[in-house]
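# Fold and contact review
Listed below, chain by chain, are the residues.
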Amino acid sequence: MSQSPTTSPTQDYDPSAPLLEVKDLQVEFRTKAGVAQAINGMNFTLNAGETLAILGESGSGKSVTAQTIMGILDMPPGHIAGGEIRYRGQDLLSMKPERRRKLRGVSISMIFQDALSSLNPVLPVGWQIGEMFRVHHRMNRKQARQKAIELMKRVGIPAAEQRVGNYPHQFSGGMRQRIMIAMAIALDPDVLIADEPTTALDVTVQAQVMRLLKELQVENNMGLILITHDLGVVADVADKIAVMYAGRVMEHTDVFSIYSTPAHPYTKGLLESLPRIDAEGDRLSTVPGLPPTLTDMPPGCPFNPRCPYATDLCRTDRPELLPVADGHTSACHYREELYAGTITAREEVQS
Amino acid sequence: MSNPNTGAQPDPFADSEVVLDVNDLVKHFPVKEGILVKRTTGAVQAVDGVSFKLRKGETLGIVGESGCGKSTLAKLLMRLEEPDSGSVTFRGEDFLSLRGAALRRARRKIQIIFQDPYTSLNPRMSVGDIIAEPFTLHPDAKPAQGVRSRVKELLDVVGLNPDHINRYPHQFSGGQRQRIGIARGLALNPDVIICDEPVSALDVSVQAQVMNLLEDLQQEFGLSYIFIAHDLSVVRHISDRVAVMYLGRIAELGRDHEIYGAPAHPYTQALLSAVPVPDPTVRGQRQEIVLKGDPPNPANPPSGCRFRTRCWKATDICETEDPVLEVRAGTTQRTACHHAAQNEDVSALD
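Thresholds, definitions, all that
Position labels on residues start from 1 in each chain and follow its written sequence. Think of it this way: whatever chain is written first is A, whatever ligand is written first is 1, and the rest follow in order. Thresholds applied to this predicted model are a pLDDT of at least 70 for local features of residues and 80 or more for the giving and counting of side-chain atom pairs; totals over whole chains, interfaces and linings are not thresholded and use all residues. The basis for every side-chain value is the complete set of non-hydrogen atoms in the structure, without hydrogens or water. Each helix is a run of H or I in the DSSP string that is no shorter than four residues. Each strand is a run of E no shorter than two, and both are numbered from the N terminus. Note on method: radius of gyration uses C-alpha positions; expected globular size equals 2.2 Å times residues raised to 0.38. The criterion used for residue contact is that any of the two residues' heavy atoms lie within 4.5 Å. Charged residues are defined here as Lys and Arg on the positive side and Asp and Glu on the negative side; His and the ends of the chain fall outside this count. By convention, charge coordinates are those of NZ in Lys, CZ in Arg, CG in Asp, or CD in Glu. A residue's pLDDT is the confidence the predictor assigns to it, expressed on a 0 to 100 scale. By convention a nonpolar core is built from buried Ala, Val, Leu, Ile, Met, Phe, Trp, Tyr and Cys residues, the set being connected through side-chain atoms within 4.5 Å. With a 1.4 Å probe rolled over the protein chains alone, any residue whose accessible area is under 20% of its type maximum counts as buried; one over 50% counts as exposed, and the rest are partly exposed. When two components associate, each loses some accessible surface as probed by a 1.4 Å sphere; the sum of these losses over both components is called the buried area. What makes a salt bridge here is a side-chain nitrogen of Lys or Arg within 4 Å of a carboxyl oxygen of Asp or Glu, nothing more. In protein, a polar contact requires one atom able to donate a hydrogen and another able to accept it; more generally it is a pair of N or O atoms within 3.5 Å, and residues adjacent in sequence count only if both atoms are side-chain atoms. Ten residues, namely Ala, Val, Leu, Ile, Met, Phe, Trp, Tyr, Cys and Pro, are considered nonpolar, four, namely Asp, Glu, Lys and Arg, are considered charged, and the remaining ones, Gly among them, are considered polar. Helix axes are fitted to C-alpha atoms over the stretch in contact, other axes to C-alpha atoms as well, and angles between N-to-C directions run from 0 to 180 degrees. Throughout, the term roughly parallel applies to angles under 35 degrees, roughly antiparallel to angles over 145, roughly perpendicular to angles from 65 to 115, and oblique to all others. A crossing counts as left-handed when the near helix is turned anticlockwise from the far one by less than a right angle, and as right-handed when that turn is clockwise. Strand pairing requires that DSSP identify at least two bridges connecting the strands. Here a pair means two rings of Phe, Tyr or Trp (six-membered ring of Trp) with centres within 6.5 Å. Their orientation is stacked below 30 degrees between planes, edge-to-face above 60, and tilted elsewhere. Whether a charge sits over a ring depends on NZ of Lys or CZ of Arg being within 6 Å of the ring centre and within 35 degrees of the ring normal. Surface patches are drawn from residues lacking salt bridges whose relative accessible area is over 30%; two like charges belong together within 9 Å, two nonpolar side chains (Val, Leu, Ile, Met, Phe, Trp, Tyr) within 5 Å. Note that accessible areas follow from Shrake-Rupley with a 1.4 Å probe, and for residues the cover is restricted to the protein chains shown.

### Points about the overall build of chain A
When its secondary structure is counted, chain A shows 13 helices and twelve strands. By the compact-globule yardstick of 20 Å for 351 residues, chain A fits well, its C-alpha radius of gyration being 21 Å. Each principal axis of the C-alpha atoms in chain A carries an extent, and together these give about 70 × 55 × 40 Å. By sequence separation, contacts in chain A at least 24 residues apart represent 65% of the contacts at least 6 residues apart. On chain A, the mean spot of the 35 positive side-chain charges and the mean spot of the 40 negative ones are 10 Å from each other.

### What about the confidence of the model for chain B?
On average, residues of chain B carry a pLDDT of 86, and 95% of them reach 70 or more. Taken together, the stretch residues 1-7 of chain B has pLDDT below 50 and engages in 13 contacts with residues farther than four places along the chain or on a different chain.

### Considering the nonpolar core
Ranked by internal contacts, the top residues of the largest apolar core, which has 64 residues, are I182(B) and L232(B). Not counting the four nearest positions on each side in its chain, I182(B) is found in contact with I113(B), V158(B), V210(B), L213(B), L214(B) and L217(B). Counting 42 residues, the second largest nonpolar core, distinct from the first, contains M183(A), L201(A), V205(A) and V237(A).

### Considering the environment of V210(B)
Residues and elements named next belong to chain B. Along the chain, V210 falls in helix 6 (residues 204-221). Residues V210 and Q176, spaced 34 residues apart in sequence, show a C-alpha to C-alpha distance of 8.8 Å. With residues near it in sequence (within four places) discarded, V210 still touches G175, Q178, I182, V199 and L202.

### Quick look at the interface of chain B and chain A
For interface size, the figure often reported is the accessible area lost on association. Tallying the contact residues gives 43 residues for chain B and 45 residues for chain A. In total, chain B and chain A occlude about 3,900 Å² of area from one another, counting both sides; carbon and sulfur atoms represent 55% of this. For chain B, the biggest contributors to the area lost against chain A are V204(B), P278(B) and R283(B); these three give 17% of the whole. Scanning the region where chain B abuts chain A turns up zero salt bridges. Across the contact surface, chain B and chain A share four residue pairs in polar contact (both at pLDDT 80 or more). The set of elements that each furnish at least two residues to the side of chain B that touches chain A consists of helix 6, helix 7 (232-238), helix 8 (256-261) and helix 9 (266-274) of chain B. In terms of residue count, the dominant contributor to the side of chain B that touches chain A is helix 6 of chain B (ten residues). Here the side of chain B that touches chain A is composed, by residue class, of 19 nonpolar, eleven polar and 13 charged.

### Brief notes about the packing of helix 7 (residues 173-185) of chain A against helix 8 (residues 203-220) of chain A
Describing two packed helices takes the angle between their axes plus the distance from one axis to the other. All names here are of chain A. For the pair helix 7 and helix 8, the least separation of the axes is 10 Å and the interaxial angle reads 15°. Taken as axis vectors, helix 7 and helix 8 run roughly parallel relative to one another. Where helix 7 crosses over helix 8, the two elements pack in a sense that is right-handed. Across the interface between the two elements, G174, Q177, R178, I181 and I185 of helix 7 pack against V205, Q208, V209, L212, L213 and L216 of helix 8. Its residues assigned to classes, the contact of helix 7 with helix 8 comprises seven nonpolar, three polar and one charged.

### A short note on the sheet that holds strand 5 (residues 93-94) of chain B
Residues and elements named next belong to chain B. In spatial order, the strands read 2-1-4-5; together these four strands make up an open sheet with antiparallel pairing. Each end of this open sheet is capped by a strand with a single partner; those strands are strand 2 (39-55) and strand 5. In the packing of helix 1 (residues 70-78) onto the sheet, contacts are made with strand 1 (18-33), strand 2 and strand 4 (85-90), and the angle to strand 1 comes to roughly 115°.

### Regarding the packing of aromatic side chains
Both the distance between ring centres and the angle between the ring planes are used here to describe each pair of aromatic rings. If you walk through the whole model with that rule in mind, you get seven aromatic pairs over all chains. Both rings, one in Y266(A) and one in F303(A), keep their centres 5.3 Å apart while their planes meet at 65°; by these two values the pair is edge-to-face. Of this pair, Y266(A) sits in helix 11 (residues 265-272) while F303(A) sits in the loop between helix 11 and helix 12 (312-316), and the two are 37 residues apart along the sequence. One Lys or Arg, R134(A), reaches over the ring of W127(A) and ends 3.5 Å from the middle of that ring. Cation over ring: R79(B) sits above F95(B), and NZ or CZ is 6.0 Å from the ring centre.

### Some details on the side chain of E21(A)
All names here are of chain A. Along the chain, E21 falls in strand 1 (residues 20-31). It turns out E21 is buried and unbridged, and the closest side chain with the opposite charge, K23, is 4.1 Å from it. Apart from the residues lying within four places of it in its own chain, the contact partners of E21 are F44, T45, E84, I85 and R86.

### Some words on the pattern of salt bridges
When their charged atoms lie close together, side chains carrying opposite charge are able to pair. Summed over the entire model, instances satisfying the criterion amount to 23 salt bridges over all chains. For the salt bridge of E196(A) with K62(A), the shortest nitrogen-to-oxygen distance reads 3.6 Å. Taken together, the residues span a long stretch of sequence, with E196(A) in the loop between strand 7 (191-195) and helix 8 and K62(A) in helix 1 (residues 62-70) at a distance of 134 residues. Judged by its relative accessible area of 6%, E196(A) is buried. Classification of K62(A) by relative accessible area gives buried; the value is 7%. When the shortest N-O distance is used, the salt bridge between E161(A) and K153(A) registers 2.9 Å. Connected through salt bridges with shared partners, the residues D48(B), R249(B), R306(B) and D322(B) form a single ionic network.

### Focus on a nonpolar patch on the surface
On the surface, I35(B), L36(B) and V37(B) cluster together into a nonpolar patch covering about 440 Å² of accessible area. Its place among the elements puts L36(B) in the loop between strand 1 and strand 2.

### With respect to unusual backbone geometry
For residues besides glycine, phi is generally negative; the peptide bonds are generally trans as well. All names here are of chain A. Of note in this structure, E196 is not a glycine but carries a positive phi near 45°. The phi torsion at A246 lies on the positive side, around 50°, for a residue other than glycine. Structurally, A246 can be placed in the loop between strand 9 (240-245) and strand 10 (248-254). In this structure A246 comes out as buried when scored by relative accessible area, which is 6%.

### Topic: the confidence of the model for chain A
For chain A, the mean per-residue pLDDT works out to 84, and 94% of the residues sit at or above 70. In the model, residues 1-9 of chain A has pLDDT below 50 throughout and makes twelve contacts with residues more than four positions away in sequence or in other chains.

### Notes on the sheet that holds strand 7 (residues 192-196) of chain B
All names here are of chain B. With respect to topology, eight strands assemble into an open sheet ordered 6-7-8-3-9-10-12-11, the strand pairing being mixed. Both outer strands of the open sheet, strand 6 (110-113) and strand 11 (326-327), are each paired with one neighbouring strand and no more. Where strand 3 (residues 59-63) lies against strand 9 (residues 241-246), four bridges are found, and the strand directions are parallel. Looking across to strand 9, one finds that G61 is bridged to V242. Together, strand 6 and strand 7 form the strand contacts of helix 5 (residues 174-186), whose direction differs from that of strand 6 by roughly 175°.

Given below as C-alpha cells:
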C-alpha cells in the first residue's frame, strides 16, 4: 500500500462491495492441550442498516468472531489460520496495523458485555467518551468534553452536564451500558458489533437498551452485529441470523425462517428446549449431552454425538453449509428432509 | 371473572400441608458513614414485610430485578442472616427461635442450591467429599448404608456417573456441576430446597436438562421449592405460584396463570411486556411498556407505593398510602397496588 498513514483510510473503497464480508474465517488457539479450532470456516455478509444476530452457546466462537473482526484478538495464543474479513471491499487482515487502528471506532466499533469491567474505574466517564474525539479527531479537552455531553444526552443519560464528571461506579448497570454505547457510536461507525450487550442487565433495563440500539441503528444506518445467546432478543431485533456451534456456522438465514422452518437439528433442539413465557409447557425437550471440546472435535459433523438424526454418514463426513431454500443455508446432511419436516429421530441419543 | 384463565382449575395444593409459613419478614441492613466514628445514617430495606405460605410439593417462584431482595430472602429462610422482625414457621415450629441442636435438626430440612456452579463447589475437594460434607456436619444423619454408597446413589439420582465419585469439580461442565450442587442439597433428605438462580449461569440446552431434573426430583421426593430467578420464562415453566418482588416487597402474588395470564400490578405488566418472546412473527404486535429510569435506591425508597416513581398509573394516593398486598376487585390474585387492574393488552398467554 502506497498510502501514507495520515491520509484518510476511506479513500480506496469499492462502493459496490458489501459493508462487511467475512469469508471462510479460521481462528485457532494454540494451547498446551493442543490446537483449539475456535472458528472453523465462518461466512457472512452484512449490509448497511441490517442487523445480523450471531447466536451460540458458550464456547461456540461467537465472541472470538467479534474480536477477530475488531482486531482485538489476543495473539498469541490466538492465530488467524485463514480467511478474509473485507470492510467495503478492503481486506482488514492484510492491512497495516496503524491503518487498521484508524478504522477502529471510526468505521467498526464494539460494545462489550460487562460495562463495569470495560470502563476505566479511575477516570470520569466524560473523559473516557471524549477520548475518542481527542485521539481520532485531535480535539482539545474542552471540545471533547462538550461532545461527550452531547453523546450522553443522545443515549438518554439524564442530567448529562452534571454527570459528565462522574465515575463509572456512580452509575447503574443500565446507565453504564449506555455510556459504553455512547463511546461506541461517538465517531459514527458504519458497523457496530454488540457482544451480549444486555446479558448483565435486568429485563426492564434490557428493553430500554435494545430500544436505544435500534433507534441509533436506524438514525445512522449502521450495520449491527448482535452477538447473543438469547433467542428472545434475536426474534425481537434481528434481520438475519447465523447459528454457531463448535466454531462453525450451522445455519444461516433470515430471522423468520429460523423460527418457522429450522433446517438444522441443533437449531431445532435449541428452539424446542426453550421455556416459553407465552405457553405452559409440561416437560422441556432437551439437547442431550454437551458441546465438544475444541481441542478434541469428533470426526464428521461436530454435532453428531448429540444429534437425534445422526447416521454413519454424519460420523465420517463433515457437512458443508449448503442452501436448502433461497437465502437459507444449513450445514447438515439431512437439511432438505428437516426443512420439509419429513425426517424422524433415528435413535435414542445417550447423554 | 373476566378472564377465563383465572380460577379455572382449583389449586392442586390447597389441601397440602403448609411446610413454610413466612409472616411479615423484615431485614434492613444499616448504612454506616464516617471514617473514625461510624454513624448509622440509614438502612437498606432489603426485605420489608414479606409474607407467603409454601405447601408440600409446591414450587413458589420469586421473580424480581437485581436489588429487589430475593437473595436476602433466601438467606433469611436459611437463617444465614437473622431477620429484624417477622416470623417463619417451619412445619408448625417457630423456625426463628430455634437454637443449638434443635436448629441444626431443622436446618437439615431446608437446603439451598446456588447460582454459580463454579464458585459454590470447593475446587480442592473431590465430588464424593463435597456431597458427603453434609453428613460430616450432621453426624446423626449419617446414612445406615454407609456414606460412600449413599453418595453414589445421590450421583445416580442426579444423572451423573457414580464411578466419577473421585473426580474434582474442574473435570465437570457447568451443567454437571450444578447437578453436583443439587446432589449435595438432596443429601440430608430436605423438605424444602431454595434454588437461588439455579440455571441462570447455564446455556439454553443444558438449562432444560437441569430444569427437568429439578421437576423429576420434586415428583420423586415430594420436595417443595422456592425458585428464585430473574428469567420470567424459566419461573413460569417450573412454578405453581409466583411472587413478584420490587424493592423488598411483594408486588403481586398468585398462581402462575394469574400472574402471567392476567397480571394486575403495573410492575408485573411492565416486566412481562419487556420479556422478548422467541417468535419474530409477533414483533411489533405486542404492547411494550418500557419503564422510565432505574429502580430507586433501597436505602431511600419512595414514600407510599415503592413503584410509584416509575409507574404510569401513579396518583396522589400512591404517594401517601402504602398499598397492602390483598385481593383486589376483578382479580383473584393478591396485588399491592391502589390501581390494580387487568390490562387487556398485557398477557403472556395467547
